[in-house]
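Fold and geometry: a report
Listed here are the chains, written in short residue letters.
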There are 2 protein chains.
Amino acid sequence: MTTTTASSCVRVFADTAHIEQCQQRLLAVEPSLAALAAVLSLAGNEVRLKILFLLAQEQQLCVCDLADVLQMNVSAVSQHLRKLKDGGVVQALKVGQTVFYTPTTALRPIVEPLLASVSTPLTTATL
Amino acid sequence: MTTTTASSCVRVFADTAHIEQCQQRLLAVEPSLAALAAVLSLAGNEVRLKILFLLAQEQQLCVCDLADVLQMNVSAVSQHLRKLKDGGVVQALKVGQTVFYTPTTALRPIVEPLLASVSTPLTTATL
DNA sequence: TTCGTATTTAAGCAAACGCTAAAATATAAA
DNA sequence: TTTATATTTTAGCGTTTGCTTAAATACGAA
């Protein structure tokens, strides 16, 4: 007769061993998962994803250009860029009074494959 | 002498043609980008990413098991699963009174490569 | 220095998010 | 049918998000 360490579920056939195995495996990758989630939540915003797409294409763009292309407030764009920079996805290069943003080589392996799937559209077919 | 269609920026050397080119390219992939952003924002939550990780590993888990493994409220887990289901990332299979969730084959090409990068941890080295 | 431009920062606010607690459903067993 | 279990749904609440506006910085040119 299997007992249950379960907090909420009362089922008899709860496989405690299995659950603990899952917990352990989860624990092992927890830091990586947290880091990944952080990057994904950055890219999970449509405006920021557009910015990443544009930077991947153009290699570098200043805040002004991005605001023009996206047709939005410079301040709003700047705030998004700050988040991306804090997240280590882009880096800033100041030339005179204009700041150019470029994708960091570091995160390309994660972000660029995602953007690649965009050129080959995510239609219901590919989904 | 180049003029500026720019809303906010006043610079003389704004390359209007270039900006419009960017806008057009963006417009072309806009739907795909929106769809991708939707998936990424789902995966960008740590709890949901854990759920996706567990489902990818175990193939199927019921709400109860997930709640046990994650050590959180069944209701909270259920609400996350609903979002994942609405986003087409997982699907529900009801057997008796328990509901098993499985990853949808559709989204695996997007989600699973991401999770793969977790087994090979995202250390500062790989970043 | 003063003026103008590019960018960032701060404050405020509405909307979205994620959790808890409680009630509602659905199904199985007694 | 009544009772118990698994899950979902609803309502409420505090937190986070993303935008706007306005002020603050940074830098170049006159």
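Nothing here was measured: the structure is a model prediction, and the numbers come from that model.

**Some remarks on the overall build of chain A**
Along its length, chain A carries five helices and three strands. In chain A, buried positions account for 35% of the 127 residues. Counted over contacts in chain A with a minimum sequence separation of 6, partners at least 24 positions apart contribute 42%.

**Observations concerning the relation of the copies chain B and chain A**
Each copy of the sequence occupies a distinct position, and chain B is placed on chain A by a rotation of 180° and an axial shift of 0.0 Å, giving an RMSD of 0.0 Å. Such values leave the two copies arranged in the relation of a two-fold axis. Here 96% of the interface residues in chain B have copies in chain A that are interface residues too; the copies meet face to matching face.

**Notes on the protein's contact with DNA strand D**
DNA strand D sits among 26 residues. The nearest are Arg-11 and Asn-73 of chain A together with Cys-62, Cys-64 and Ser-78 of chain B. Of all the elements, helix α4 (residues 74–86) of chain B adds the most residues to the surface near DNA strand D, at six residues. The class makeup of the residues in the surface near DNA strand D is twelve nonpolar, twelve polar and two charged.

**Some words on the pairing of strand β3 (residues 98–103) of chain B**
All names here are of chain B. Taken together, the two bridges between strand β1 (residues 61–62) and β3 define a ladder with antiparallel strand orientation. Bridge pairing links Cys-62 to Phe-100 in β3. Taken together, the six bridges between strand β2 (residues 90–95) and β3 define a ladder with antiparallel strand orientation. Bridged to Val-90 within β3 is Pro-103. Counted between consecutive antiparallel strands, the loop separating β2 from β3 contains two residues, among which Gly-96 sits at a positive phi close to 65°.

**Observations concerning the sheet that holds β1 of chain B**
Residue and element names in this part refer to chain B. One open sheet accounts for three strands, arranged β1-β3-β2; its pairing is antiparallel. A strand with exactly one partner marks an edge of an open sheet, and here the two such strands are β1 and β2. The sheet strands contacting helix α2 (residues 46–58) are β1, β2 and β3, and the helix crosses β3 at an angle near 90°.

**Observations regarding the protein's contact with DNA strand C**
The full set close to DNA strand C counts 26 residues, and Cys-62, Cys-64 and Ser-78 of chain A together with Arg-11 and Asn-73 of chain B are the nearest of them. Mapped by element, the contributors of at least two residues to the surface near DNA strand C are α3 (63–70), α4 (74–86) and β3 (98–103) of chain A together with α4 of chain B. Counting residues per element, the surface near DNA strand C draws most heavily on α4 of chain A, at six residues. For the surface near DNA strand C, the per-class residue count stands at twelve nonpolar, twelve polar and two charged.

**Quick look at the interface of chain B and chain A**
Each side of the interface is counted separately: chain B has 50 residues, and chain A has 48 residues. Mapped onto the side of chain B that touches chain A, the elements with two or more residues apiece are α1 (16–43), α2, α3 (63–70) and α5 (108–119) of chain B. Tallied by class, the residues present in the side of chain B that touches chain A amount to 30 nonpolar, 13 polar and seven charged.

**As for the sheet that holds strand β1 (residues 61–62) of chain A**
Ordered in space as β1-β3-β2 (chain A), the three strands form an open sheet in which the pairing is antiparallel. Only two strands of the sheet have a single neighbouring strand rather than two, namely β1 and β2 (90–95) of chain A.

**Observations regarding unusual backbone geometry**
Residue and element names in this part refer to chain A. Not every positive phi belongs to a glycine, and Gln-59 is a case in point at roughly 75°. Residue placement: Gln-59 occurs in the loop between α2 (46–58) and β1. Backbone geometry at Gln-71 places phi at a positive 55°, although glycine is not the residue there. In this fold, Gln-71 is placed in the loop between α3 and α4.

**So, the packing of α3 of chain A against α1 of chain B**
Running from N to C, α3 of chain A and α1 of chain B cross one another at 50°; their axes reach a closest spacing of 9 Å. Judged by the angle between their axes, α3 of chain A and α1 of chain B are oblique. Here the hand of the crossing between α3 of chain A and α1 of chain B comes out right-handed. Packed against α3 of chain A, whose contacting residues are Asp-65, Asp-68 and Val-69 of chain A, the element α1 of chain B presents Ile-19, Cys-22, Gln-23 and Leu-26 of chain B at the interface.

**Re helix α5 (residues 108–119) of chain A**
Residue and element names in this part refer to chain A. With twelve residues, α5 extends 16 Å from end C-alpha to end C-alpha; this agrees with the ideal 16 Å at 1.5 Å per step. Of all the residues in α5, the buried ones are Ile-110, Val-111, Leu-114, Leu-115 and Val-118. The arc that holds the buried residues of α5, viewed along the axis, is 110°, so those residues lie on one side. Looking at α5, the residues exposed on the side facing more than 90 degrees away from the buried face are Pro-109, Ala-116 and Ser-119.

Basis of the calculations
Residues numbered from 1 in each chain as written. Chains lettered and ligands numbered in written order. Predicted model: local features only at pLDDT ≥ 70, side-chain atom pairs only at ≥ 80, totals over all residues. Helix = DSSP H or I, 4+ residues; strand = E, 2+ residues; numbered from the N terminus. Buried ≥ 20, exposed ≤ 12 C-beta atoms within 10 Å, placed from the backbone. Contact = placed C-beta atoms within 7 Å. Least-squares fit on C-alpha atoms with pLDDT ≥ 70 in both. Near = placed C-beta within 6 Å. Nonpolar A, V, L, I, M, F, W, Y, C, P; charged D, E, K, R; others polar. Pairing = 2+ DSSP bridges. Axes fitted to C-alpha atoms, helices over the stretch in contact; angles between N-to-C directions. Parallel < 35°, antiparallel > 145°, perpendicular 65-115°, else oblique. Left-handed = near helix turned anticlockwise from the far one by under 90°. Expected span 1.5 Å × (residues − 1). Arc of directions from axis to C-beta.

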